[in-house]
Structures are given as structure tokens and as C-alpha cells.
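# Working through the structure, step by step
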Amino acid sequence: MSKSGYQTVLPLLADSGSTSGSVYSADRIVQAPALELPEVLNPNTRLKMDGLEFLSLLPESSIPVGFLDPQYRGVLEKLSYGNEGKSRGRRRSALEQMNEDKIGQFILGIDRVLIPSGHLFLWVDKFHLCQGVRDWFHGTKLDIVDLLTWDKGTFGMGYRTRRRAEYCAVLQKDPRKAKGVWKAHNIPDVVQETVSQRDHPHAKPVELQGALLAAVSHEGDYVIDPAAGSFSVLEAAQLRGRNFLGCDING
Ligand SMILES: C[S@@+](CC[C@H](N)C(=O)[O-])C[C@H]1O[C@@H](n2cnc3c(N)ncnc32)[C@H](O)[C@@H]1O
């Protein structure tokens, strides 16, 4: 168990640079520039701020990796079961929701601040995955290069099948390449990690996010999350010796 009650079954995700006998490169030759931050952006803290304002304060082409886990309207609509409005449902409904236009603005802001070949890990639910999310990053330098399935190991809600997974689309900014950029080659594309949602109804897996951000950054690099919820990415960044910059409208 990690300090926030996250339980993991991820033996494969320890840092491993070994690529002996494979065609993969474990080197990362991409470097982020030194970052000069306005005073209001205090690293490694839980900032209470609008995510779009946060992104506008970051210098262009300065950040190697970001996460975005939108507060989907669609999910709230699709998940309006009989018990919504009680317990977890009430906490979900209290969160500020993002429409498609707002999600597009967040992605545009992230595209602006990512360095060339930088990565965005975008959490997507199954409804949006089926409908497609390409419109959200139309007109940016980002495109999808991979997809992971997070098996939560718990039995969720659903009128037909019961939800047990969420998805993380891996987007990369131009020029898109893995060699010399993505340095870990031990991350499977289906990962089970159990997460306590005591603190936030949408908390995401810390160890998986730690493995992903470590694959595309150097120690000491900055990782951003403009809609951070429980600040699981802050915890992941600290576990991996990276700096975190992020906020949530609710703090
Ligand atoms: C799906 S949750 C993120 C969960 C997070 N990934 C975690 O692991 O806990 C989305 C969050 O976006 C926040 N949010 C909604 N609109 C926002 C905005 N304009 N700026 C910043 N945060 C916002 C909500 O308060 C909510 O906590």
C-alpha cells in the first residue's frame, strides 16, 4: 500500500532501463528547457485554480509530459442510475463538468506548453473511446500513439456490463517517435491497480501514472495536470523524483 491507500499489483512497473536483446532504445535524448515560473505557480503543491488559466501561465514548449482527466459530462449522463445523487453519485455531481468545447480548450492549452515530442496522457471512458476523441485535438500538433487499459480490479456500475476498466490514450506532439524519447519498455497495455476512491470519486492509479511519466521524462523534469482532482499525479511525480505543477478548480 502506498501512503494514500493505493493498492497495487504491478510487479512489472518498477524502473527498468534494461533493453538488452531487444530493438528498443532505453535512452532519452529529448531535454526540456529550464523553466522560469510566475510566483503564483508553486511547484509540488495543490493549487486551487482554473485549469485554463493555469495553462495560460506556463511558457510555450516547456513541459515534457502532461495528464488530463476531464470531468466528462457524458459520463454523468450515462451513469445516472437509480442511486446517483447518493454517496459517490452526489460527490460526482458536485464536481465542475467539462463539455466537449472545454475539453478541446484544455488540450489546446496543453499542446501549446508541451515540448516537441512531448506526451499527453488522456484518461478516456468507454463511451468516448467508442465515439472517438479526435475532434478534441483537431488543429493541434498532437495525435494518438498508444492506448492503455486500466483494470481497476473492482466491480462498478452499468445497466448491461459492469464497469471495471478505464482507458488512457497516449498522445504525442510532433515529431512523433518512440526511439530516443520513450525510455521504459516494461509497461503492459493492460494494467491492474486498485485505487481507494475515498478522497475523490475519479482518483486514478498512482503507480501506473508514475511508470508512464517516468517513461517520457528525466528526473527533476516538470509534469503537469490542470484538472488534478485528488492530485494522484502529484503523488506519482514525487514517487518518481519529478516536479509537479497542477491545479484543480476545487483545490
Ligand atoms: C475526473 S477528475 C480528475 C481526477 C484525477 N485524475 C485524480 O486522479 O484524482 C476531474 C477534475 O476536474 C476538475 N475540474 C473541472 N473543471 C475544471 C477547471 N475548469 N479547472 C480545473 N479543474 C477543473 C474537477 O473539480 C475534478 O476534480
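Keep in mind that this is a model prediction, so the values were computed, not measured.

This part takes up the overall build of the protein. Within the protein, the regular secondary structure consists of seven helices and nine strands. Taken over 251 residues, the protein has a buried fraction of 36%. In the protein, once contacts between residues fewer than 6 apart in sequence are set aside, the share between residues at least 24 apart is 76%.

Right, let's get into the nonpolar core. Membership of the largest hydrophobic core comes to 51 residues, with the highest contact counts inside it found for Leu122 and Val233. The greatest single-element share of this core, amounting to seven residues, is contributed by helix H6 (residues 206-215). Contact partners of leucine 122, with chain neighbours within four places excluded, come to Leu68, Cys168, Ala169 and Leu171.

With that settled, consider unusual backbone geometry. For residues besides glycine, phi is generally negative; the peptide bonds are generally trans as well. In this structure, the amide linkage connecting aspartate 174 to the following residue, proline 175, adopts the cis form with an omega of -15 degrees. Note on placement: proline 175 falls in the loop between strand E6 (165-173) and strand E7 (190-194). Phi is positive for asparagine 44, close to 60 degrees, though the residue is something other than glycine. The class for asparagine 44 is partly exposed, based on 13 C-beta atoms found within 10 Å. Phi at serine 61 takes a positive value of approximately 50 degrees, unusual for a residue other than glycine. Along the chain, serine 61 turns up in the loop between helix H1 (51-56) and strand E3 (63-68).

With that settled, the discussion passes to the environment of aspartate 135. By the element assignment, aspartate 135 lies in the loop between helix H5 (126-131) and strand E5 (142-151). Residues aspartate 135 and aspartate 101, spaced 34 residues apart in sequence, show a C-alpha to C-alpha distance of 9.6 Å.

A separate point is the environment of threonine 194. Secondary-structure assignment places threonine 194 in strand E7. For the pair threonine 194 and aspartate 151, spaced 43 residues apart in the sequence, the C-alpha separation amounts to 8.1 Å.

Moving on to the pairing of E5. Examined bridge by bridge, E5 and E6 share nine bridges and lie antiparallel to one another. Looking at E6, one finds that aspartate 151 is bridged to alanine 165. Pairing of E5 with E7, which is carried by three bridges, proceeds in the parallel orientation. In the strand pairing of E7, threonine 149 is matched with valine 190.

Cut-offs used in this document
Residues numbered from 1 in each chain as written. Predicted model: local features only at pLDDT ≥ 70, side-chain atom pairs only at ≥ 80, totals over all residues. Helix = DSSP H or I, 4+ residues; strand = E, 2+ residues; numbered from the N terminus. Buried ≥ 20, exposed ≤ 12 C-beta atoms within 10 Å, placed from the backbone. Contact = placed C-beta atoms within 7 Å. Core = buried A, V, L, I, M, F, W, Y, C linked by C-beta atoms within 7 Å. Pairing = 2+ DSSP bridges.

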